[in-house]
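Below, each chain spelled out in residue letters.
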Amino acid sequence: MNTALKVTAFAAGLATVFGASYGIGYATGDTSTRPSAAGHASAALSDPASPGGDGASTGADHLPGGLQISERGYTLSLDDAYVTAGAPIDLRFRIIGADGKPVTAYRPAHGKELHLVVAPRDLSTFQHLHPTRAADGTWRATAALPAAGEYRVFTDFTPAGASQSLTLGADLHAAGHLRPAPPAETGRTVTVDGYRVTLTGDLVPGRPTRLSLAVTRGGKPVTDLQPYLGAYGHLVALRAGDLAYLHVHPDGEPGDSGTAPGPDIAFTTTAPSRGGYRLFLDFRHGGVVRTAAFTVTAADAPEDAATPSAPSDPSVSASAEHGEDHRH
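This one's a predicted model, so the numbers in the text were calculated from it and none came from an experiment.

So what about the overall build of the protein? Which residues, and what values?
Helices and strands together make up the secondary structure of the protein, namely two helices and 21 strands. Of all 328 residues assigned to the protein, the portion counted as buried reaches 52%. When contacts within the protein are restricted to residue pairs at least 6 apart in sequence, those whose partners lie at least 24 apart make up 71%. In the form shown here, the protein has an accessible surface area of approximately 13300 Å², with 52% of it arising from carbon and sulfur atoms.

If you want it as structure tokens, here you go:
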């Protein structure tokens with residue numbers, strides 16, 4: 001991984017939250033059981049600098065949110081955290097409130113009450129799903145687990161009446177034959193379904209910087225990207241090692257008179273730390289949502305670095321699944 005990158009809170013209004021240390025996932029409780037009162041009491045670590053934080057700290061300043069199964073009195077409860085890989089699964093879960101009851105009222109963000117992301121810990125695949133909710137507060141979605149291993153489930157939501165959103169994470173264990181492998185290396189350009197997506201910007205931890213992704217097809221810029229969940233592009237970043245989660249939205253939005261529908265999708269980003277990341281960019285064109293995946297590194301920039309590096313030539317194929325709930 002030779003691309004310096006940094007990743008930050010998105011500008012469009014969803015929470016800037018990170019999720020999913022494997023050890024913390026276990027320390028906060030079994031995801032397949034209903035939460036106890038102690039589980040609620042112990043869940044209060046949030047990032048005071050993020051939109052999803054409550055401004056309080058319990059001893060770990062700026063700890064990324066979403067590293068917990070419980071936070072601010074809410075708990076993510078999976079019906080079954082132990083599944084079998086290789087076939088689609090019926091993923092069911094609830095968000096349990098401080099009163100011990102499932103939450104049944106949410107404040108929509110970008111047209112959805114709750115955004116669901118599922119990814120394995122080796123970061124080889126990615127699913128951004130939009131589950132359906134029953135009247136009793138049970139959420140359901142069909143998830144594809146192509147290989148055995150440990151997966152992380154992220155739920156991004158805002159309860160009704162709350163002023164801040166949050167992300168909760170839980171571990172999902174998929175049985176089967178496991179062959180672990182590191183994330184695929186990529187250059188600055190990846191190809192998905194004939195679309196070339198080029199990443200521009202060498203970013204560093206702890207400093208807001210501009211990140212741009214340009215979409216072309218057949219050697220020509222794509223200038224008619226279609227809105228997807230209220231934006232021309234959505235970016236999810238997962239930090240290698242603990243799967244810290246960040247849902248980033250682009251600068252500007254459709255209809256604001258200043259944001260063009262391509263080819264460039266711009267983000268203002270700040271990484272929480274040095275290290276490796278996988279970036280998953282969702283964009284919609286021709287009625288189909290596609291995802292371009294990049295493997296990057298957040299590292300300190302030279303003192304004299306003033307402008308982003310020009311994109312390089314390598315092209316790496318990335319798979320894409322057609323449809324609104326796409327899988328990779």
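Just give me the short version of the pairing of strand β8 (residues 138-143), but keep the residues and values in it.
Summarising the sheet, strand β4 (residues 89-96) and β8 pair through six bridges and their orientation is antiparallel. Within β8, the position partnered with F93 by the bridge is W139. Two elements, strand β7 (residues 132-133) and β8, share two bridges in a ladder whose sense is antiparallel. Bridge pairing in β8 links R133 to W139. The turn joining β7 and β8, which pair antiparallel and follow one another in sequence, is formed by four residues; a positive phi near 95° is taken by G137.

Give me the lowdown on the nonpolar core, citing residues and values where you can.
By size, the foremost hydrophobic cluster in this structure holds 29 residues, and its most contacted members are L78, L116 and L172. Those elements that place two or more of their residues in this core are β2 (74-78), β4, β5 (114-120), β8, β9 (149-157) and β10 (166-175). Here the element with the most residues in this core is β10; it accounts for five residues. What L172 contacts, discounting residues up to four positions off in sequence, is L78, D80, A81, V83, I89, L91, L145, G149, E150, Y151 and V153. In terms of nonpolar packing, the next biggest core, distinct from the first, is built from 26 residues, L199, V248, L281 and F283 among them.

Residues and numbers for unusual backbone geometry, please.
Of the consecutive residues G262 and P263, the connecting peptide bond is found in the cis state with omega at 0°. Within the chain, R72 stands out as a residue other than glycine whose phi angle is a positive 50°. Within the element layout of this structure, R72 appears in the loop between β1 (70-71) and β2.

Before we move on, could you go through the environment of K112 and cite the residues and values that matter?
Tracing the backbone shows K112 in the loop between β4 and β5. Since its relative accessible area comes to 32%, K112 is described here as partly exposed. For the pair K112 and P131, spaced 19 residues apart in sequence, the C-alpha separation works out to 9.2 Å. Apart from the residues lying within four places of it in its own chain, the contact partners of K112 are H130 and L229.

Help me get a handle on the sheet that holds β8, residues and values and all.
The sheet built from five strands is open, its strands ordered β1-β2-β4-β8-β7 with antiparallel pairing. Across the chains shown, the open sheet's two edge strands, defined by having one partner strand only, are β1 and β7. Of the strand pairs in this sheet, β1 and β2 are connected by two bridges, and their pairing is antiparallel. Looking across to β2, one finds that S70 is bridged to T75.

Explain the pattern of salt bridges to me, and be specific about the residues and the numbers.
What the rule picks out here adds up to 11 salt bridges. The shortest N-O distance in the salt bridge between R92 and D90 comes to 3.7 Å. Given the relative accessible area of 36%, R92 is considered partly exposed. Because the salt bridges share partners, they merge into one network encompassing D79, D90, R92, R94 and R140.

A description of the environment of G219 should follow, citing residues and the corresponding values.
For G219, the position within the fold is in the loop between β13 (209-217) and β14 (220-221). Given a relative accessible area of 71%, G219 falls into the exposed group. A C-alpha to C-alpha distance of 9.1 Å links G219 and Y195, two positions 24 residues apart in sequence.

Describe the packing of aromatic side chains, and please don't skip the residues or the numbers.
For the coordinates displayed, the defined rule picks out seven aromatic pairs. Here F93 and W139 contribute two aromatic rings whose centre-to-centre distance is 6.4 Å and whose plane-to-plane angle is 10°, an arrangement assigned as stacked. Here F93, found in strand β4, pairs with W139, found in strand β8; they are 46 residues apart in sequence, far enough to count as distant. Each member of the pair, F93 as well as W139, carries the same accessibility label: buried. Pairing Y106 with F157 gives two aromatic rings, centres 5.9 Å apart and planes at 80°, and the pair type is edge-to-face.

Each value, and the rule that gives it
- Counting restarts for each chain: residues are numbered from 1 in the order of the written sequence.
- Totals for whole chains, interfaces and linings use all residues, but because this is a predicted model, local features are given only for residues with pLDDT of at least 70 and pairs of side-chain atoms are given and counted only at 80 or more.
- Side-chain measures here rest on the full set of heavy atoms in the structure, leaving out hydrogens and waters.
- To qualify as a helix, a DSSP run of H or I must reach at least 4 residues; to qualify as a strand, a run of E must reach at least 2; elements of each kind are numbered from the N terminus.
- Burial status follows relative accessibility: with a 1.4 Å probe on protein chains alone, a residue under 20% of its type maximum counts as buried, one over 50% as exposed, and anything between as partly exposed.
- Between two residues, a contact is recorded if the distance between any of their heavy atoms is within 4.5 Å.
- To be clear on the numbers: accessible area is Shrake-Rupley with a 1.4 Å probe, and residue cover counts the displayed protein chains and nothing else.
- Here a strand pair is declared whenever DSSP counts at least two bridges between the two strands.
- To form a nonpolar core, buried Ala, Val, Leu, Ile, Met, Phe, Trp, Tyr and Cys residues must be joined to one another through side-chain atoms within 4.5 Å.
- Any carboxyl oxygen of Asp or Glu within 4 Å of a side-chain nitrogen of Lys or Arg constitutes a salt bridge here.
- Planes of paired rings set the category: under 30 degrees apart is stacked, over 60 is edge-to-face and the rest tilted, where pairs are Phe, Tyr or Trp rings (Trp by its six-membered ring) whose centres lie within 6.5 Å.

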